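# Chain and residue survey
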Amino acid sequence: MSIGNSPEDDRTFPADDRESIGRALQHARIAAGLTVEEVSASTRVRIPIVHAIEEDDFSRCGGAVYARGHIRTLARAVGLDPAPLVERYDADHGGRPAPTPAAPLFEAERIRPEPRRPNWTAAMVAAIVAVVGFVGFTMFNGNDAPKGTVTAEGGPAPAPEKATATSKPKPVKPLVPKPTESAIAAVPKDKVTVKLTAKQGKSWISAKAADGKLLFDGLLLDGESKTFQDGERVDLVLGNAGAIELYVNGKKIADTFEDGQVERLSYAKGDPEAG
């Protein structure tokens, strides 16, 4: 009596129930808490290719060589050993081909940054700064006579005096230019012009026009000047007349005032008769 096979013995079992390459990469990515966009940014593999590989579609890789490169790159990004996945790919696609000469592999499919263009603006600015600096340096050095320079008389130029440890710089008082003939001529003939300058300290001053309008009432500090004009007359009150240098219609008033002396003065067109 022969023993027949039971119906269960006729069932067909899959030869390999291992997880596919794409599923393995997808599950590892999810376990690592990464999105497709993050994996694409870190590996420089384009997002559509990442999606295709995770669906076991390697047609978008551009060939077996590029597919192996993408599998290695994505496996390392999600923390998998790439060697078993590459071996499985070779087994599923006819084995590994013979070695080929070195050539750019999967990098061709990666997102490549645009080539940097020369920054002509920065180069132009640097060139302008260099030219200005050179011109300034040349002009600055041109004002300093080098050692051994011969003067117009034929002798060597005198060396600059060296400051000693005990020498102290002398205070320099500000120079107030004296009125020239052209300045005096520029004073309008149809008005009275009064200019006050504090030369020996400060002084309180008051200036009024002929109609009583107050032109100024305040303190004139040492070195400061004020100029007043009116069509008929200017009335002045000087609190410290000795500190004031006075010009009327372009001519200096020769009167000598004493320090602390209060003076009340009035000038009209054509004044002073003599100065």
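The coordinates are above.
This structure is a prediction, so every number in the text was calculated from the model and none was measured.

### Re the overall build of the protein chain
Secondary structure assignment for the protein chain yields seven helices and eight strands. Among the 275 residues that make up the protein chain, the fraction classed as buried is 27%. With the model as given, the accessible surface of the protein chain reaches about 19,800 Å², and the carbon-plus-sulfur share is 57%.

### What about the packing of helix α4 (residues 64–77) against helix α5 (residues 82–92)?
At their nearest, the axes of α4 and α5 sit 9 Å apart, and the two run at 150° to each other. By the angle between their directions, the pair α4 and α5 is classed as roughly antiparallel. Classified by chirality, the crossing of α5 by α4 is right-handed. Contacts from Ala64, Ala67, Arg68, Ile71, Arg72, Ala75 and Arg76 of α4 reach α5 at Pro82, Leu85, Val86, Tyr89 and Asp90.

### Topic: the sheet that holds strand β7 (residues 251–252)
Spatial strand order, β4-β1-β6-β7: four strands in an open sheet with antiparallel pairing. With one partner strand each, in any of the chains shown, β4 (225–230) and β7 form the two edges of the open sheet. Two elements, strand β6 (residues 244–248) and β7, share two bridges in a ladder whose sense is antiparallel. Within β7, the position partnered with Tyr247 by the bridge is Lys252.

### Comments concerning α4
An ideal rise of 1.5 Å per residue puts 20 Å on 14 residues; α4 measures up with 20 Å between its terminal C-alpha atoms. Regarding α4, the residues found buried are Ala67, Arg68, Gly69, His70, Ile71, Thr73, Leu74 and Ala75. Tucked into the core, α4 has its buried residues touching α1 (21–31), α2 (36–43), α3 (47–54) and α5. Just downstream of α4 lies Gly79, where phi reads positive at about 85°.

### Considerations on the pattern of salt bridges
Inspection of every chain in the model, using the stated rule, returns four salt bridges. Of the charged contacts in the structure, one is a salt bridge between Asp90 and Arg68, with a shortest N-O distance of 2.6 Å. With a gap of 22 residues between them, Asp90 in helix α5 and Arg68 in helix α4 connect regions that are remote in the sequence. We note that Asp90, like Arg68, is buried. Two residues, Glu245 and Lys252, come together in a salt bridge whose shortest N-O distance is 3.4 Å. A residue is classified by how much of its surface remains accessible, and Lys252, at 43% relative accessible area, is partly exposed.

### Describing the environment of Lys213
Structurally, the position occupied by Lys213 is in the loop between β2 (203–209) and β3 (214–220). Look at Lys213 and you get exposed, because its relative accessible area is 52%. Distance from Lys213 to Val234, taken between C-alpha atoms, is 9.9 Å for residues 21 residues apart in sequence. If sequence neighbours within four positions are ignored, Lys213 has contacts with Ala207 and Lys208.

### Some points on the packing of aromatic side chains
The geometry of an aromatic ring pair is captured by two quantities: the separation of the ring centres and the angle between the planes. Under the counting rule described, the total for this entry stands at two aromatic pairs. Summarising the aromatic geometry, the rings of Phe216 and Phe228 are spaced 6.2 Å apart at their centres and angled 35° between planes, so their arrangement reads as tilted. With Phe216 in strand β3 and Phe228 in strand β4, this residue pair connects regions lying twelve residues apart in the sequence. Each member of the pair, Phe216 as well as Phe228, is classed as buried.

### Quick look at the side chain of Arg68
Assessed through its relative accessible area of 5%, Arg68 is described here as buried. At 2.6 Å, the side chain of Arg68 and the side chain of Asp90 are in polar contact.

### Observations regarding the packing of α1 against α5
Interaxial distance between α1 and α5 falls to 10 Å at its minimum, and their mutual angle equals 155°. The angle between the axes of α1 and α5 places the two elements in the roughly antiparallel class. Where α1 approaches α5, its residues Ile21, Ala24 and Leu25 are matched on the opposing element by Leu85, Arg88 and Tyr89. When its residues are assigned to classes, the contact of α1 with α5 shows five nonpolar, no polar and one charged.

### Some words on a nonpolar patch on the surface
There is a patch of nonpolar side chains on the surface, built from Trp204, Leu219 and Leu221 and spanning about 280 Å² of accessible area. Summarising the element assignment, Leu221 is placed in the loop between β3 and β4. By relative accessible area, which is 39% here, Leu221 ends up partly exposed.

### Section: the pairing of β2
Within β2, five of the seven residues are buried, which leaves the element mostly enclosed by the surrounding structure. In terms of strand pairing, β2 meets β3 through six bridges, oriented antiparallel. By the bridge assignment for β3, Ile205 is matched with Gly218. Between the antiparallel neighbours β2 and β3 lie four residues, among them Gly212 with a positive phi of about 90°. Strand direction decides the pairing type here: β2 and strand β5 (residues 233–238), joined by five bridges, are antiparallel.

Reading guide: rules and limits
- Residues numbered from 1 in each chain as written.
- Predicted model: local features only at pLDDT ≥ 70, side-chain atom pairs only at ≥ 80, totals over all residues.
- Heavy atoms only, no water.
- Helix = DSSP H or I, 4+ residues; strand = E, 2+ residues; numbered from the N terminus.
- Buried < 20%, exposed > 50% of the residue type's maximum accessible area, 1.4 Å probe, protein only.
- Areas by Shrake-Rupley, 256 points an atom, 1.4 Å probe, with all protein chains shown as cover.
- Axes fitted to C-alpha atoms, helices over the stretch in contact; angles between N-to-C directions.
- Parallel < 35°, antiparallel > 145°, perpendicular 65-115°, else oblique.
- Left-handed = near helix turned anticlockwise from the far one by under 90°.
- Contact = heavy atoms within 4.5 Å.
- Pairing = 2+ DSSP bridges.
- Expected span 1.5 Å × (residues − 1).
- Salt bridge = Lys/Arg side-chain N within 4 Å of Asp/Glu carboxyl O.
- Phe/Tyr/Trp six-rings, centres within 6.5 Å; stacked < 30°, edge-to-face > 60°.
- Polar contact = N/O pair within 3.5 Å; in protein donor to acceptor, adjacent residues only side chain to side chain.
- Nonpolar A, V, L, I, M, F, W, Y, C, P; charged D, E, K, R; others polar.
- Patch = residues over 30% accessible without salt bridge, like charges linked within 9 Å, V, L, I, M, F, W, Y side chains within 5 Å.

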